[in-house]
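Residues per chain, in single letters:
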Amino acid sequence: MNDRMQNLSRLALLLALATVIHTAEAVLPITFVWFRFGFANIVGLSTLYLFGFKDALVVTIGRIFLGSLFAGLFGSPAFLLSFAGGTSSILAMGIVHRFGSGLFSEVGISVVGAVVHNVAQLVVAYLLLVKNPGIFLLLPLMLFAAAGTGFVNGLAVRFLVAHFRKVRS
Amino acid sequence: MIITRYVTIGDCALITAIIVSAVALLFVLPTLVVSGGTNVEVRSGDRVAGRYSLDEDRRVPVEGPLGTTVVRITDGHAHIESSPCPHKFCLRMGPVGGEGGLIVCVPNEVSVTVANDRADGIDAVSR
């Protein structure tokens with residue numbers, strides 16, 4: 001019983017943290033930052049490393065729902081894109097973490113997540129919103145952005161996970 | 001090496017592969033994505049005489065009140081090749097291409113419009 005309570009409150013804390021980061025990022029002006037850093041994914045990926053895939057899925061999907069509620073974007077196209085990107089990204093990261101963690105560190109998995117996030121968003125945007133194949137011209141730019149943000153976030157996850165394990169032991 | 005303290009060889013390979021493919025896509029995608037789709041619409045008076053693709057070279061004769069105006073599509077551009085009108089302004093309007101544009105021959109009531117499918121404003125804004 002005590003264990004379950006601990007798990008639940010830990011999950012709630014992580015979800016709250018991810019939601020706050022997600023919401024804070026949503027209000028960044030698009031003129032200066034045309035891409036998202038995806039800092040909220042630091043929490044999601046750390047959860048994947050520390051507590052497993054199921055918790056990471058809850059944290060990621062939960063923060064997208066809550067974050068879009070706070071930002072007033074719930075149900076909008078932006079929410080759809082966010083949801084598609086976040087879900088496929090955490091799925092991809094889960095798969096790579098499960099089968100490829102010998103090959104990739106946190107940084108590699110974070111980059112995979114960032115790339116999948118962007119590609120999924122583009123595909124959904126094409127299918128549902130824009131319907132003009134010209135949108136895929138954005139793909140190279142988004143890949144550059146994904147490589148950069150994925151790298152930075154991956155390093156953050158690495159330090160966070162290492163620190164957390166040190167503190168816990 | 002200090003770098004392997006933070007990233008594995010796999011990470012480096014992955015990031016390199018993504019950047020390389022991004023650079024490659026930067027050059028490949030425009031030719032894949034933006035080809036065709038641009039259309040030439042030839043009108044005679046109120047009537048649409050025909051719609052054609054800019055990608056295929058062709059010669060389109062159009063009947064007007066004064067006679068036959070010949071529209072020619074070559075190298076992704078449309079221009080008026082010959083016209084029975086007195087001043088030949090339409091010939092001097094030059095070619096219009098995929099960036100969109102319009103040629104009009106007022107006396108013979110012929111117009112050539114190139115629809116610009118690529119940059120038709122903003123369809124959606126989202127973040």
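Cut-off values and rules
Residues numbered from 1 in each chain as written. Chains lettered and ligands numbered in written order. Predicted model: local features only at pLDDT ≥ 70, side-chain atom pairs only at ≥ 80, totals over all residues. Heavy atoms only, no water. Helix = DSSP H or I, 4+ residues; strand = E, 2+ residues; numbered from the N terminus. Buried < 20%, exposed > 50% of the residue type's maximum accessible area, 1.4 Å probe, protein only. Contact = heavy atoms within 4.5 Å. Core = buried A, V, L, I, M, F, W, Y, C linked by side-chain atoms within 4.5 Å. Pairing = 2+ DSSP bridges. Axes fitted to C-alpha atoms, helices over the stretch in contact; angles between N-to-C directions. Buried area = accessible area lost by both parts, 1.4 Å probe. Salt bridge = Lys/Arg side-chain N within 4 Å of Asp/Glu carboxyl O. Polar contact = N/O pair within 3.5 Å; in protein donor to acceptor, adjacent residues only side chain to side chain. Nonpolar A, V, L, I, M, F, W, Y, C, P; charged D, E, K, R; others polar. Expected span 1.5 Å × (residues − 1).

1. Observations concerning the side chain of A:Ser89
Residue and element names in this part refer to chain A. By the secondary structure assignment, Ser-89 is in helix α4 (residues 77-100). A residue is classified by how much of its surface remains accessible, and Ser-89, at 4% relative accessible area, is buried. Excluding residues that lie within four positions of it along the chain, Ser-89 makes contacts with Gly-113, Val-116 and His-117.

2. Thoughts on the nonpolar core
Ranked by internal contacts, the top residues of the largest apolar core, which has 44 residues, are A:Leu45, A:Ile109 and B:Ile18. Breaking this core down by element, the ones donating at least two residues are α1 (2-26), α2 (40-51), α3 (53-71), α4, α5 (106-130) and α6 (139-168) of chain A together with α1 (9-33) of chain B. With ten residues, α5(A) is the single largest residue contributor to this core.

3. Quick notes on the sheet that holds strand β5 (residues 77-82) of chain B
All names here are of chain B. If you walk across this open sheet you meet the three strands as β3-β4-β5, and the pairing is antiparallel. Looking along the sheet, the strands with just one partner apiece sit at the ends: β3 (58-63) and β5. Shown here is a sheet whose adjacent strand axes are inclined to one another by a mean of 30°, direction ignored. For strand β4 (residues 68-74) and β5, the ladder comprises five bridges, and the chain directions are antiparallel. Note on β5: the bridge partner recorded for Thr-74 is His-77.

4. Here we look at the interface of chain B and chain A
At the interface, 24 residues of chain B touch 33 residues of chain A. Around 2,300 Å² of area is buried between chain B and chain A when both sides are counted, 72% of it from carbon and sulfur atoms. For the interface between chain B and chain A, the tally reads zero salt bridges. For the pair chain B and chain A, the interface holds three residue pairs in polar contact (both at pLDDT 80 or more). Of the residues that constitute the side of chain B that touches chain A, the class distribution is 14 nonpolar, four polar and six charged.

5. Focus on α1(A)
Residues and elements named next belong to chain A. Counted at 1.5 Å a residue, the expected span for α1 with its 25 residues is 36 Å, and the 36 Å between its end C-alpha atoms agrees. Those residues of α1 not exposed but buried are Leu-11, Leu-14, Leu-15, Ala-18, Thr-19, His-22, Thr-23, Glu-25 and Ala-26. Looking at the packing, one finds that the buried side of α1 touches α2, α3 and α4.

6. Quick look at the pairing of strand β7 (residues 110-115) of chain B
Within a regular strand, side chains alternate between the sheet's two faces. Residue and element names in this part refer to chain B. As judged from the six bridges shared by strand β1 (residues 39-44) and β7, these two strands associate in the antiparallel manner. Considered in β7, the bridge of Asn-39 is made with Ala-115. Looking at chain direction, strand β6 (residues 101-105) and β7 are connected through five bridges and run antiparallel. What sits directly across from Ile-103, in β7, is Val-112. In sequence, β6 turns back onto β7 through a hairpin of four residues, with Glu-109 there showing a positive phi of about 55°.

7. Points about the sheet that holds β1(B)
Residues and elements named next belong to chain B. Taken together, four strands build an open sheet; the order of strands is β2-β1-β7-β6 and the sheet is antiparallel. Looking at strand neighbours, the two that pair on one side only are β2 (47-53) and β6, the edges of this open sheet. Each strand axis lies, on average, 15° off the axis of its neighbour in the sheet, ignoring direction.

Everything listed is a geometric property; what it means functionally is a separate question.
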